[in-house]
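The chain contents come next:
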Amino acid sequence: MKGDGSIPRRRKRALAAILLFAAAGILQGRNATIEELKLRLNDPRHDRLGTLRHLEEALILRGSREQARQDYRSALATYEEAISILKEHGNIPPTVALLINLGTAQIILGEYDRAVEVLLRALSAAEKGDDPTLISSSAYLLGYAHRDLKNYDLAMSYFLKSRDTAQSSGNTPQVIMAQNEIGNVQVFSGQYAEAATSKEEALKLARDNGDIEILSNVLNDIGVLHLEMDRPARALPYLRESLSIGRKLNNARTIIIALQNIADAQRRTGRLEESAAGLKEARALAEKSGLEPLAAETRRHLSATFEAMGDYPRALAEYHGYQETWEQLFTREKSKQIAEMQTLYEVEKGRRENESLRREQELGALALTKQRSQRNFLFFTALLVLILAGVLYNRFLFKSRANRRLEEANAKITAQQAKLEEAYLRAEELARHDPLTGLPNRRAALGVIEREKSRFARGRKPFALIMADIDGFKTINDTVGHDAGDYLLKAAAELFSRSIRAQDSVARWGGDEFLFLLPETGMDGARIFCQGIAAKTAAADFRFKGQSLQISASLGAAVYDSEDRNIEECLREADQDMYRRKPARRG
């Protein structure tokens, strides 16, 4: 695995296949244009609701065609226009097909917070309508969004739901895509043997099915699996076949991602000039196509290639460009919104289940009331004692059974409420902690920094930000293995946690980088702290499976001591200071 415990983000080309079912059969036998349908909305001779639905279908078809041409911005604008028209003319809810198309375009363009909100609405509506095709598609796209957001537990649950629903309805293409993504999540989790089994199954299904676009996705991801297992020579045939299909289809996304992964394999085998040339082609195509997330990912690959060439200034520039783009795409607020939206979906789902249980209670209570009335009637009509006794005995049995049903219903409601509380806690945990080391993640660290900045405004006491990087990490990761790399990250995290004061904090910033925050600390104190951490790291005897792993740490410091400064400036200073203090060649 990579330094941050996951493989690089990759944007899927198969998402376009999700859109095809929505456009199929639309406007058959309807010759009116979009503009004509808009005019009909103000004509009382026409059924406005019917016209709105015809117009929605026409706009879905147009957006699907724009997406097929890889004009993703235009497709997004078309879907949003359809939503706006439905809202303007009577607040009509959009169909699930429109929500799925809109969410797909948002994922492709990196708008994950908006996509999750839209797709949760789509899944909820599809479940109410009990439509397996729409349920499978919505679940797949939600899994895809959470996979890119590194919410791997949620991603796996959605992909399993998509695959199982598609299998029950005989939707083979959807089964293949979901099975392939299940393998990807297993790769992210370091379960390489399980991932290989999942992907071989997906590859066999894809070759038998004959859809070359889906086949290109599976081929690319099998290539990436071999890269993660440090087998670049075995990865290249799969990646080149995927690239060949992408060029044949003229699919920019397929071409860009294949070029990125081929360049990764070439870099690992020492073919650095070929690696750089392929990445430059990928970046130019991503920028031309308006695919900002893919352009940023290409810069990360270029940084690694330039570093391997020994061109450290260009490597650093490319890496900072990559970081700045992803900070814009993944803000703390977006992460919070996504966690809140996921929890709201769970709450709504639980609410529907509780409502069903309450209805069952009400029916039971009504039945008891009716039976009591019948019993009183029989009593006052002075029926025979034996008949009355028999009736009363039967009513007693019914009441006992009804009471048991009510008790069972109450127990189900209590259990469901406990599940909802657990969902809230899990969403909060996913949003704020690094799953490998257990330390706070970057977003949580930024929250701590903001609170310390507020304290400075009240008490004027400076605080230090210290960036730390593990020297030699990549060499150990490449030579000893990814398991050793994961062990080092966890061991370093434990060492750093033991080495700070109660009021200090340490977070995993990303990859093999850590960030310390030292309240009420100036530059002199920060330098002393850096020396202490560096000495402890160098003296530590890290042992992995009996093998001693010797590493060191480079640390850089910056101090926030004036409201004229900003946090981004301090973080950049600490990062630059850290790079100045690294050994001649970074490991």
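Residue numbers run consecutively from 1 along every chain, following the written order of its sequence. Selection of residues for local features in this predicted model requires a pLDDT of at least 70, selection of side-chain atom pairs for listing and counting requires 80 or more, and totals for whole chains, interfaces and linings are taken over all residues. In computing side-chain values, all of the structure's heavy atoms are included and hydrogens and water are not.

Regarding the overall build of the protein
A run of H or I in DSSP becomes a helix once it reaches four residues, and a run of E becomes a strand once it reaches two; helices and strands are each numbered from the N terminus. When helices and strands are tallied, the protein shows 23 helices and 6 strands. Counting only contacts in the protein whose residues sit at least 6 apart along the sequence, the fraction spanning at least 24 positions is 68%. Accessible area of the protein: about 27200 Å², with a carbon and sulfur share of 52%. Pairs of residues are marked as contacts when any of their non-hydrogen atoms sit within 4.5 Å. Surface accessibility follows the Shrake-Rupley procedure with a 1.4 Å probe radius. Residue values consider only the protein chains on display as shielding.

Details of the nonpolar core
Counting 82 residues, the largest nonpolar core has Leu55, Ile107, Tyr140, Leu142, Tyr158, Phe159 and Val218 as the members making the most contacts within it. Aside from chain neighbours lying at most four places away, what touches leucine 55 is Ile34, Leu37, Lys38, Leu41 and Ile85. Leu439, Phe496, Ile533 and Val559 belong to the second-largest nonpolar core, a separate cluster that totals 32 residues. Remark: nonpolar core denotes a set of buried residues (Ala, Val, Leu, Ile, Met, Phe, Trp, Tyr, Cys) joined through side-chain atoms within 4.5 Å. Buried residues are those whose accessible area, probed at 1.4 Å on protein chains only, stays under 20% of the maximum for their type, while exposed residues exceed 50% and partly exposed ones sit between those limits.

Quick word on helix α14 (residues 272–288)
For an α-helix, 3.6 residues make a turn, and residues three or four places apart therefore share a direction. By definition here, a helix of n residues has an expected span of 1.5 Å times n minus one. In this model α14 runs 24 Å from its N-terminal to its C-terminal C-alpha over 17 residues, within 8% of the 24 Å that 1.5 Å per residue would give. Residues Leu272, Ser275, Ala276, Gly278, Leu279, Ala282 and Ala286 constitute the buried set of α14. Taken down its axis, α14 places every buried residue within 165 degrees of arc, on the same side. Exposed positions of α14 whose direction lies more than 90 degrees from the buried face are Glu273 and Lys288. Looking at the buried positions of α14, the neighbouring elements they touch are α13 (252–268) and α15 (292–309). Taken from the residues just after α14, glycine 290 is the one with a positive phi, measuring 70 degrees. Throughout, the arc means the angular range of directions from the helix axis out to the C-beta atoms.

Some details on the sheet that holds strand β3 (residues 513–519)
At least two DSSP bridges between two strands are required for those strands to pair. What the 4 strands build is an open sheet, ordered β2-β3-β1-β6; its pairing is antiparallel. Each of the sheet's edge strands pairs with one partner strand only, and the pair in question is β2 (505–510) and β6 (552–560). Taking each pair of neighbouring strands and ignoring which way they run, the sheet shows an average axis angle of 25 degrees. By the bridge criterion, 9 bridges tie strand β1 (residues 463–471) to β6 in an arrangement that is antiparallel. Looking at β6, one finds that aspartate 471 is bridged to serine 552. As a rule, the C-alpha atoms of each element are fitted with a line to give its axis, helices using only the stretch in contact, and angles between N-to-C directions run from 0 to 180 degrees.

Let's talk about helix α6 (residues 112–129)
In a regular helix each residue adds 1.5 Å, so 18 residues correspond to 26 Å; α6 covers 25 Å between its end C-alpha atoms and thus fits that length. Residues Tyr112, Asp113, Ala115, Val116, Val118, Leu119, Leu120, Ala122, Leu123, Ser124 and Ala126 constitute the buried set of α6.

Looking at the pattern of salt bridges
Take a side-chain nitrogen of Lys or Arg and a carboxyl oxygen of Asp or Glu: if they are within 4 Å of each other, that pair is a salt bridge. A full pass over the atoms with the stated rule returns 39 salt bridges. Between arginine 207 and glutamate 241 there is a salt bridge whose closest N-O contact spans 3.4 Å. In this pair, arginine 207 is assigned in helix α10 (residues 192–209) and glutamate 241 in helix α12 (residues 232–249), connecting sequence segments 34 residues apart. Among the salt bridges present, the one from aspartate 230 reaches arginine 268, with a minimum N-O distance of 3.7 Å. Within this pair, whereas aspartate 230 is found in the loop between α11 (212–228) and α12, its partner arginine 268 is found in helix α13, the two being separated by 38 residues in sequence. When salt bridges with common partners are traced through the structure, they connect Glu35, Lys38, Arg62 and Glu81 into a single cluster.

Focus: the packing of α14 against α15
Put simply, α14 and α15 touch, their axes get as near as 9 Å, and they point 160 degrees apart. One way to sum up the angle between α14 and α15 is to call them roughly antiparallel. Once α14 is placed against α15, the crossing between them reads as left-handed. Residues Leu272, Glu273, Ser275, Ala276, Leu279, Ala282, Arg283, Ala286 and Glu287 of α14 lie in contact with α15, whose contacting residues are Leu294, Ala295, Thr298, Arg299, His301, Leu302, Thr305, Ala308 and Met309. Asp, Glu, Lys and Arg are counted as charged, while Ala, Val, Leu, Ile, Met, Phe, Trp, Tyr, Cys and Pro are counted as nonpolar; the rest, among them Gly, fall into the polar class. Of the residues that constitute the contact of α14 with α15, the class distribution is 10 nonpolar, 4 polar and 4 charged. What sets the label is the angle itself: under 35 degrees gives roughly parallel, over 145 gives roughly antiparallel, 65 to 115 gives roughly perpendicular, and the rest give oblique. Less than a right angle of anticlockwise turn of the near helix away from the far helix marks a crossing as left-handed, whereas a clockwise turn marks it as right-handed.

As for the packing of α12 against α13
As a packed pair, α12 and α13 sit with axes 9 Å apart at the nearest point and diverge in direction by 155 degrees. As far as their axial angle goes, α13 and α12 are roughly antiparallel. Between α12 and α13 lies a crossing whose hand is left-handed. Contact with α12, carried on its side by Pro232, Leu236, Leu239, Arg240, Ser242, Leu243, Gly246 and Arg247, involves Thr254, Ile255, Ala258, Leu259, Asn261, Ile262, Ala265, Gln266 and Arg268 of α13 and no other residues of that element. Residue classes in the contact of α12 with α13 are distributed as 9 nonpolar, 5 polar and 3 charged.

Notes on the environment of serine 275
Take serine 275: it is sitting in helix α14. Placed 11 residues apart in sequence, serine 275 and aspartate 264 show a C-alpha to C-alpha distance of 6.9 Å. With sequence-adjacent residues up to four places away left out, serine 275 is seen in contact with Ala263, Gln266, Arg267 and Thr305.

Overview of the packing of aromatic side chains
Whether two aromatic rings pair depends on their centres lying within 6.5 Å, for rings of Phe, Tyr and Trp, where Trp uses its six-membered ring; planes under 30 degrees apart make the pair stacked, over 60 edge-to-face, and the rest tilted. One pass over the full model with this rule turns up 10 aromatic pairs. Here the aromatic rings of tyrosine 140 and tyrosine 144 are separated by 6.4 Å at their centres, their planes lie at 40 degrees, and the arrangement is tilted. With tyrosine 140 and tyrosine 144 both in helix α7 (residues 132–148) and 4 residues apart, the pair spans about one turn of that helix. Centre to centre, the rings of phenylalanine 516 and phenylalanine 529 are 5.2 Å apart; their planes meet at 70 degrees, and the pair counts as edge-to-face. Taken as a pair, phenylalanine 516 in strand β3 and phenylalanine 529 in helix α22 (residues 523–539) lie far apart in primary sequence, 13 residues in all. With relative accessibility at 14%, the residue phenylalanine 529 sits in the buried group. Geometrically, a lysine NZ or arginine CZ counts as sitting over a ring once it is within 6 Å of the ring centre and also within 35 degrees of the ring normal. Cation over ring: arginine 253 sits above tyrosine 72, and NZ or CZ is 5.9 Å from the ring centre. When the ring centre of tryptophan 509 is taken as reference, the NZ or CZ atom of arginine 442 above it lies at 4.3 Å.

Considerations on the pairing of β3
With respect to burial, β3 is a largely interior element, 7 of its 7 residues being buried. Of the two faces of β3, both are covered, the one formed by Glu513, Leu515, Leu517 and Pro519 as well as the one formed by Phe514, Phe516 and Leu518. Relative to β3, β1 runs antiparallel, the two being bridged by 7 bridges. Residue pairing across strands places isoleucine 466 opposite phenylalanine 516, the latter belonging to β3. Where β2 lies against β3, 5 bridges are found, and the strand directions are antiparallel. If you follow arginine 508 over to β3, its bridge partner there is phenylalanine 514. Linking two consecutive strands that pair antiparallel, namely β2 and β3, is a turn of 2 residues; a positive phi of about 60 degrees is found at glycine 511 within it.

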